[in-house]
Amino acid sequence: MQRGSDRLSVHRDDEMKHELQGLLRSGHPTRSEEWHDPEPSAEDDPEVWGGPVVPGTSRASLATVRLELGRILGRGSFPAGPGELSVTLRRRNAPDALVEAVRRLPHKERYANVSELAEALVGSGR
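Residues numbered from 1 in each chain as written. Predicted model: local features only at pLDDT ≥ 70, side-chain atom pairs only at ≥ 80, totals over all residues. Heavy atoms only, no water.

> Looking at this structure, I do not really get the packing of helix H2 (residues 62-73) against helix H3 (residues 82-91). What am I missing?
In a pair of packed helices, the angle between the axes and the distance between the axes together describe the arrangement. The interhelical angle for the contact between H2 and H3, taken along N-to-C directions, is 75 degrees, at an axis separation of 10 Å. On the basis of their axis angle, the class for H2 and H3 is roughly perpendicular. On H3, the residues that touch Leu-69, Ile-72 and Leu-73 of H2 are Leu-85, Thr-88 and Leu-89. Residue composition of the contact of H2 with H3, grouped by class: 5 nonpolar, 1 polar and no charged. (Axes fitted to C-alpha atoms, helices over the stretch in contact; angles between N-to-C directions. Helix = DSSP H or I, 4+ residues; strand = E, 2+ residues; numbered from the N terminus. Parallel < 35°, antiparallel > 145°, perpendicular 65-115°, else oblique. Contact = heavy atoms within 4.5 Å. Nonpolar A, V, L, I, M, F, W, Y, C, P; charged D, E, K, R; others polar.)

What follows is the structure, encoded as structure tokens:
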């Protein structure tokens, strides 16, 4: 029987499903060998558990705001003003608070890259 691009047999699929059954039921790894478990997060990893990064909050350092804007906007969005950037952020499903913070920046300003935009957001305290 042709299964498209799947390289595993039906028997291997069932075996893998059985291996994952304990993890799916318990919510944590059930293997006794540590090398099977995923690594814990490092100290310098960005925080993803605390919700969206919004300028003006305690978590919003320049680096985290720049990382979040770069992840959402990319290079193709620049140079641009706050109006264009807020439309792009909204279209790419950015958090509402981040969109509003960009929209409140001075309308005559133009930003050449993510770093300039992040500095304006963090520096303005929004």
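Having seen the model, we can carry on.
> What am I meant to see in the nonpolar core here?
Nonpolar side chains tend toward joint burial in soluble globular proteins. Core analysis: the largest hydrophobic core is formed by 21 residues, its most contacted members being Leu-69, Leu-85, Leu-89, Leu-117 and Leu-121. The set of elements that each furnish at least two residues to this core consists of H2, H3, helix H4 (96-103) and helix H5 (114-124). Per-element tally for this core: the top contributor is H5, with 5 residues. The contact partners of Leu-89, leaving out residues within four places of it in the chain, are Leu-69, Ile-72, Leu-73, Ala-94, Leu-98, Val-99 and Val-102. (Core = buried A, V, L, I, M, F, W, Y, C linked by side-chain atoms within 4.5 Å. Buried < 20%, exposed > 50% of the residue type's maximum accessible area, 1.4 Å probe, protein only.)

> Mind showing me how you'd approach H2 here?
An α-helix turns once per 3.6 residues; consequently, residues spaced three or four apart project the same way. The end-to-end C-alpha distance of H2, which contains 12 residues, comes to 16 Å, matching closely the 16 Å that a straight helix rising 1.5 Å per residue would cover. Among the residues making up H2, those that are buried are Val-65, Glu-68, Leu-69, Ile-72 and Leu-73. Mapping the buried residues of H2 onto a view down its axis gives an arc of 110 degrees, with all of them on the same face. Looking at the residues trailing H2, positive phi occurs at Gly-74, about 75 degrees. (Expected span 1.5 Å × (residues − 1). Arc of directions from axis to C-beta.)

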